[in-house]
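Examination of the molecular architecture
The chain contents come next:
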Amino acid sequence: MSKASLKKELSHLDHSQLVEVILNAYSSSKEAKDYFEFFLNPDADALLDKKIDMIAKELTRSKRGYSKARISVIRSAIKDFGAYGVGDEYVYKLMYRTIRMIVGMERYYYYPDALNNGVLKLATEYMVLANKLECVAEALEQLQTLETEDIGRKGYRTKVLTAAREALNEITVLKPTKK
């Protein structure tokens, strides 16, 4: 069902029917319950911490030194976080902290190609979002601190930073010049 058709159906309901639909959704779906609880008590910082814990748990999935973390689950957590309407600033924070965790954990696990490629894509999307928020310099500085800190392996930190710089170069090339 599309959003437009749902809106059309809901417009035909009276107040008591609408309340009943919302209560049924609340009781039948964990995601709906989480959304309504956030809607009633919007605490973006608490939700951010919850998503960080969820991503950290995913990153610790391993078997014999090989990471079993799924980039699809990590990306889904970031997407779901943004769907709560927390704002791009919070999504920006979550993306950076996710990249930082992944780079830090890389020292302990062998990452499969899918996770490596997903991290590089995440770094690219992080720079695109930073450009949208007009804080590219801050984002690049944050990623550069990963290079100077002793987390993860140097080669991996460099690879993530290079992906971010390449994304930044593409952004500046694609950005129209003002005349």
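This structure is a prediction, so every number in the text was calculated from the model and none was measured. (Residues numbered from 1 in each chain as written. Predicted model: local features only at pLDDT ≥ 70, side-chain atom pairs only at ≥ 80, totals over all residues. Heavy atoms only, no water.)

For any two helices packed against each other, the geometry is given by the interaxial angle and the distance between the axes. Between helix 7 (residues 113–132) and helix 8 (residues 136–148), the least distance of the axes is 8 Å, while the angle of their chain directions is 150°. On the basis of their axis angle, the class for helix 7 and helix 8 is roughly antiparallel. Here helix 7 contributes Tyr-126, Met-127, Ala-130 and Asn-131 to the contact with helix 8, which in turn contributes Val-136, Ala-139, Leu-140, Gln-142 and Leu-143. Classifying every residue of the contact of helix 7 with helix 8 gives seven nonpolar, two polar and no charged. (Axes fitted to C-alpha atoms, helices over the stretch in contact; angles between N-to-C directions. Helix = DSSP H or I, 4+ residues; strand = E, 2+ residues; numbered from the N terminus. Parallel < 35°, antiparallel > 145°, perpendicular 65-115°, else oblique. Contact = heavy atoms within 4.5 Å. Nonpolar A, V, L, I, M, F, W, Y, C, P; charged D, E, K, R; others polar.)

All right, on to a negative patch on the surface then. A cluster of acidic residues, Asp-43, Asp-45, Asp-49 and Asp-53, forms a negative patch at the surface. Within the element layout of this structure, Asp-45 appears in helix 4 (residues 44–59). When its relative accessible area of 39% is taken as the criterion, Asp-45 is described as partly exposed. (Patch = residues over 30% accessible without salt bridge, like charges linked within 9 Å, V, L, I, M, F, W, Y side chains within 5 Å. Areas by Shrake-Rupley, 256 points an atom, 1.4 Å probe, with all protein chains shown as cover. Salt bridge = Lys/Arg side-chain N within 4 Å of Asp/Glu carboxyl O. Lys, Arg positive; Asp, Glu negative; His and termini not counted. Charge placed at Lys NZ, Arg CZ, Asp CG, Glu CD. Buried < 20%, exposed > 50% of the residue type's maximum accessible area, 1.4 Å probe, protein only.)

Looking now at the pattern of salt bridges. Using the criterion set out here, one finds six salt bridges in the structure. Among the ionic pairs, Asp-34 bridges to Lys-30, the shortest N-O distance being 3.1 Å. Residue Asp-34 and its partner Lys-30 are located together in helix 3 (residues 30–40), separated by four residues, close to a single helical turn. Since its relative accessible area comes to 18%, Asp-34 is described here as buried. Salt bridges sharing partners connect three or more residues here, namely Lys-30, Asp-34 and Lys-50.

With that out of the way, let us pick up a nonpolar patch on the surface. Together, Met-1, Leu-6, Leu-10, Leu-18, Val-21 and Ile-22 line one region of the surface with nonpolar side chains, adding up to about 520 Å² of accessible area. Broken down by secondary-structure element, the contributors of at least two residues to the nonpolar patch are helix 1 (3–11) and helix 2 (15–28). Per-element tally for the nonpolar patch: the top contributor is helix 2, with three residues. Among the secondary structure elements, Met-1 is positioned in the segment before helix 1. Classification of Met-1 by relative accessible area gives exposed; the value is 80%.

A separate point is the packing of aromatic side chains. Scanning the model with the defined rule gives eight aromatic pairs in all. When the centroid spacing of 5.0 Å and the interplanar angle of 10° are considered together, the rings of Tyr-92 and Tyr-126 count as stacked. Here Tyr-92, found in helix 6 (residues 88–105), pairs with Tyr-126, found in helix 7; they are 34 residues apart in sequence, far enough to count as distant. For the pair Tyr-92 and Tyr-126, one class covers both residues: buried. (Phe/Tyr/Trp six-rings, centres within 6.5 Å; stacked < 30°, edge-to-face > 60°.)

This part is about the nonpolar core. One recurring pattern in soluble globular proteins is that nonpolar side chains are buried together. Among the nonpolar cores identified, the biggest contains 50 residues, and Val-86, Ile-99, Tyr-126, Met-127 and Leu-143 are the most heavily contacted of them. Elements with a minimum of two residues in this core: helix 4, helix 5 (71–83), helix 6, helix 7, helix 8 and helix 9 (154–174). Of all the elements, helix 6 adds the most residues to this core, at 11 residues. (Core = buried A, V, L, I, M, F, W, Y, C linked by side-chain atoms within 4.5 Å.)

Helix length check: helix 7, at 20 residues, gives a terminal C-alpha distance of 29 Å against a target of 28 Å (1.5 Å per residue), a fit within 8%. Leu-115, Asn-116, Gly-118, Val-119, Leu-122, Ala-123, Tyr-126, Met-127, Leu-129 and Ala-130 are the residues of helix 7 that are buried. Glu-134 sits one or two positions beyond helix 7 and adopts a positive phi of about 60°. (Expected span 1.5 Å × (residues − 1).)

This next bit is on the packing of helix 5 against helix 6. For the pair helix 5 and helix 6, the least separation of the axes is 9 Å and the interaxial angle reads 160°. Between helix 5 and helix 6, the crossing angle belongs to the class labelled roughly antiparallel. Our pair here, helix 5 against helix 6, has a crossing hand that is right-handed. Counting all contacts with helix 5, which are made through Ile-74, Ala-77, Ile-78, Phe-81 and Gly-82, the residues of helix 6 involved are Tyr-90, Val-91, Leu-94, Met-95, Thr-98 and Ile-102. Of the residues in the contact of helix 5 with helix 6, the class split is nine nonpolar, two polar and no charged. (Left-handed = near helix turned anticlockwise from the far one by under 90°.)

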